Structures are given as C-alpha cells and as structure tokens.
Amino acid sequence: MIKAAHATAPGKIILFGEHSVVYGKPALVTAIDKRAHIEVERHPNTPRKIRISTMDYRSSHEIPFSTAPTFITDQPTHIQPLLRIIQSIYVQEEIEESITVKVASDIPRSAGLGSSASVCVALTAALADLFDLGYSLEQISACAFKGEQLVHGTPSGIDNTVSTFGGCIRYHKGEIEPIEGSLIQLIIGNTGIARETKTWVGKVRSRYDTFPNVIEPVINAMGDLAKEAERVLATRDLVRLGELIDINHGMLSSIGVSIAELDHLVNQARSAGAYGAKLTGAGGGGCMFALVDDENHDKVFRALHESGAGPIRAQFETEGVLIH
Ligand code: MEV
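Keep in mind that what you see is a predicted model, and the values were worked out from it rather than measured. (Residues numbered from 1 in each chain as written. Predicted model: local features only at pLDDT ≥ 70, side-chain atom pairs only at ≥ 80, totals over all residues. Heavy atoms only, no water.)

Undergrad: Just to check I follow, could you spell out the site of the ligand for this structure?
TA: As a matter of local geometry, the ligand sits amid 13 residues, with K12, H19, P155, S156 and D159 nearest to it. Within the contact set of the ligand, an oxygen atom lies 2.9 Å away from a side-chain nitrogen or oxygen of K12. Measuring from an oxygen atom of the ligand, one finds a backbone N or O atom of H19 at 3.0 Å. Alone, the ligand offers 300 Å² of accessible surface; in the complex the protein occludes 97% of this. Of all the secondary structure elements, the ones that give two or more residues to the shell around the ligand are β1 (4–16), α5 (158–165) and α6 (197–210). Considering only residue class, the shell around the ligand consists of seven nonpolar, three polar and three charged. (Near = heavy atom within 4 Å. Polar contact = N/O pair within 3.5 Å; in protein donor to acceptor, adjacent residues only side chain to side chain. Areas by Shrake-Rupley, 256 points an atom, 1.4 Å probe, with all protein chains shown as cover. Helix = DSSP H or I, 4+ residues; strand = E, 2+ residues; numbered from the N terminus. Nonpolar A, V, L, I, M, F, W, Y, C, P; charged D, E, K, R; others polar.)

This is the structure we're talking about:
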C-alpha cells in the first residue's frame, strides 16, 4: 500500500473554437508546458477528514468528510471542485480514511489557460494512484469533469480532456483526434483581468437567445473555421493560419466576449508583426496569443512586454496527466 502520491496535469490554449465548442462545434486545442501539481497522502485508521492546502490561495482547510451537499457548498469556492471529486471517489470506492491534499500550480488562474481543469485532473489521478483504483485516462477525465461542472456550469469538456490526454488535438463532442500543431510558435499575453468562464459562457448564451438568427450562423462559422484551420495547420502556412486566427478573434468579438484590454494586446501583437492574434479561452479578460516564428518572435514578445502583458512563450506539451 502506498502512502502518498503526486500527479501533475497541463494547462491548455484553445487555438480555435472556444465558445462554439459549447454548441457542439469542433475546436482545436493544445496542452502547454505549465502544470498543476497535486500531492496526496493517506492516513489509515483515522476518522474521515479531508485536509486541503492551496499554495495559490494560501489557504488551508480541515473538513470532516460527509456525503451531504453541504460538504461542498459550505466551503470556499476555490476548493469546491476538489471536494466534489473527493466526495465522488470516496462514495464510489467506499474509502474510509483521512487524506491530506496539497495543491500548487504554475498556470495563471482565471486566465483562460485551463488552470481549474488541470487541478481537477491531477487530483483525480493522484487519488486513483493513492488508492490503487486502476482508473483509465477516460475515467480520470470523466471524474475531473464533475469538478469542472461545479466551476463552469455547462462546460464543453475540452479543458479536462486536453489536460488528461495532452498533445495538440481536435475536440468534437467529446471525441478527440490528434492533430499536427507541434511546430507552431505562440506567445501568450495576459491582460491580468481575472474572469469566470461561467459568466462569459452565460453572456454568449443570452446573446444567442436574443438574436438566434444572427448568432447561430456565427457559431456555425466558427466551427467551419476550426475545420479550415486544421487543414491549414497541416500545410504550415503561417500567413493563412494567422489570417484565420484574426478572423476567429473578430467572431469572438461579435459574440461579445472580447474586451478593450484584449483587443489592445491583440492589436499590439499584430502591429509588431505577429501572423495573427486572438483571445483564448472564455474571454472577458484573461489571455490572448500571437502566432510568431523565429523572425518576428522577439519583436512581438517585446511589444506585449511593453504593454504590461507579462508575455510567456508557450511550449506545446505532448504529455497529459502524469504520475510522478
Ligand atoms: C473553455 O476553456 C472555454 C469555453 O469554450 C467554455 C468551454 O468549452 O467549456 C468558453
């Protein structure tokens, strides 16, 4: 019997198709080399208590286990998805022990880079390892999704899927297909404005409900754009790919999820010579990315740096969730 386990899971960048993916359209997404880290320890022969400490929020909690909904709802929002996963695994696997959970992450929070999903995925994998549950990757992703539903309302499942499986993938209605994207270079800029995915998915829904005849064709076009982008990715034509990235940003603006700060960073990156730039994730703040190559990389990086966007170079990550 092992006493402790450590798992990590990557964040992500949606290249094409955020929001339209919620409406069942295909999206292209890649895992990135920033990870959430979860350490868990078991304490046999103790009454069921859950101790959780989070580095990011500098918080620590000790909660007696219960199957009641209040086990989750009485606690601060940032640990609720973790408790949802723990409750589900404890009930299903009839676990009778106490555990300690330590959460750390190098993925900026509430920024569109999938930080919550990666924590949910890493926690599920760590618990599965700790209690020797033999979960498949599909089971890990499905269990993590329960945590995601608590944070995001009606998520598409794209974040937990890419965090579990890693790589650059097409995600369409829960099905994944690896795609060729590994050679493209992106720079991520962060507006530093935290936002909630749930809010911005809700805003799109209400615009859709108000103007269905207008918004539905845009959503459909975003799905077509993702398909076109997959073809262009395979040709490595950066000019065409950049054009599609710019079009996708325009569509996201039209459904109401860009804000002035995102538009500013996108314009700065384009003026500095990026092939294309768009927001990534739910919008309303958070991050954008710019498509670059070796030639324009430094100029774009500098432009985003001077705009206060704390740019980071995104390395694509082939590995999904890992047990260490
Ligand atoms: C996910 O990071 C971004 C959205 O597409 C929501 C979702 O897919 O659940 C806006």
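Undergrad: Just checking my understanding: could you explain the side chain of S115 for this structure?
TA: Relative to the elements of secondary structure, S115 occurs in helix α3 (residues 115–130). Take S115: its relative accessible area is 12%, and that puts it in the buried class. (Buried < 20%, exposed > 50% of the residue type's maximum accessible area, 1.4 Å probe, protein only.)

Undergrad: Can you walk me through the nonpolar core in this structure?
TA: Side chains of a nonpolar character, in soluble globular proteins, are inclined to be buried together. The biggest cluster of nonpolar side chains holds 57 residues, and the ones touching the most others in it are I13, F16, L186, M288 and V300. A total of nine residues in this core trace back to one element, the largest contributor, which is helix α7 (residues 212–235). Discounting residues that sit within four places of it in the chain, V300 has contacts with I187, A269, A272, G273, A274, A290 and V292. In terms of nonpolar packing, the next biggest core, distinct from the first, is built from 40 residues, I50, I79, I95 and C143 among them. (Core = buried A, V, L, I, M, F, W, Y, C linked by side-chain atoms within 4.5 Å. Contact = heavy atoms within 4.5 Å.)

Undergrad: Please clarify how the packing of α7 against helix α8 (residues 238–254) should be interpreted in this entry.
TA: For any two helices packed against each other, the geometry comes down to the angle between their axes and how far apart the axes lie. One way to put it is that α7 packs onto α8 with a least axis distance of 10 Å and a crossing angle of 160 degrees. Taken as axis vectors, α7 and α8 run roughly antiparallel relative to one another. Crossing geometry of α7 relative to α8 is assigned as left-handed. Across the interface between the two elements, I215, V218, A221, M222, L225, E228, A229, V232 and L233 of α7 pack against R240, L241, L244, I247, N248, M251, L252 and S254 of α8. Within the contact of α7 with α8, the residues separate by chemical class into 13 nonpolar, two polar and two charged. (Axes fitted to C-alpha atoms, helices over the stretch in contact; angles between N-to-C directions. Parallel < 35°, antiparallel > 145°, perpendicular 65-115°, else oblique. Left-handed = near helix turned anticlockwise from the far one by under 90°.)

Undergrad: I tried to follow the pairing of strand β4 (residues 59–64) on my own but got confused; where do I start?
TA: Side chains of β4 alternate between two faces, with S59, H61 and I63 buried and S60, E62 and P64 left unburied. Of the pairings in the sheet, the one linking strand β3 (residues 49–54) to β4 comprises six bridges and is antiparallel in character. Counted as the bridge partner of I50 is I63 from β4. Two successive antiparallel strands, β3 and β4, enclose a turn made up of four residues, where R58 displays a positive phi of approximately 45 degrees. (Pairing = 2+ DSSP bridges.)

Undergrad: How do you make sense of α8 when you look at a structure like this?
TA: Residue pairs three or four apart in sequence face the same way in an α-helix, which turns once every 3.6 residues. A rise of 1.5 Å per residue sets the reference length of α8, with its 17 residues, at 24 Å; its end C-alpha atoms lie 24 Å apart and thus fit the reference within 8%. All buried positions along α8 are accounted for by L238, L241, G242, L244, I245, N248, H249, M251 and L252. Elements in contact with the buried residues of α8: β1, α7, α9 (260–271), β9 (276–279) and β10 (287–292). The N-terminus of α8 is capped by D237, whose side-chain oxygen sits 3.2 Å from the backbone nitrogen of V239. (Expected span 1.5 Å × (residues − 1).)

Undergrad: Please clarify how the packing of aromatic side chains should be interpreted in this entry.
TA: One pair of aromatic rings is described through two measures. These are the centre distance and the angle between the planes. Tallied over the full model, the rule gives four aromatic pairs. With a centroid separation of 5.0 Å and an interplanar angle of 25 degrees, the aromatic rings of Y23 and Y208 are classed as stacked. In this pair, Y23 is assigned in the loop between β1 and β2 (27–43) and Y208 in helix α6, connecting sequence segments 185 residues apart. Using a relative accessible area of 19% as the deciding quantity, one classes Y23 as buried. Take Y208: its relative accessible area is 17%, and that puts it in the buried class. By the ring-pair criterion, three or more aromatic residues cluster together here, those being F65, F71, Y90 and F131. Sitting above the plane of the W200 ring, K203 keeps its charged end 4.5 Å from the centroid. Its guanidinium or amino end placed over the ring of Y208, R205 lies 5.7 Å from that ring's centre, counting from NZ or CZ. (Phe/Tyr/Trp six-rings, centres within 6.5 Å; stacked < 30°, edge-to-face > 60°. Lys NZ or Arg CZ within 6 Å of the ring centre and 35° of its normal.)

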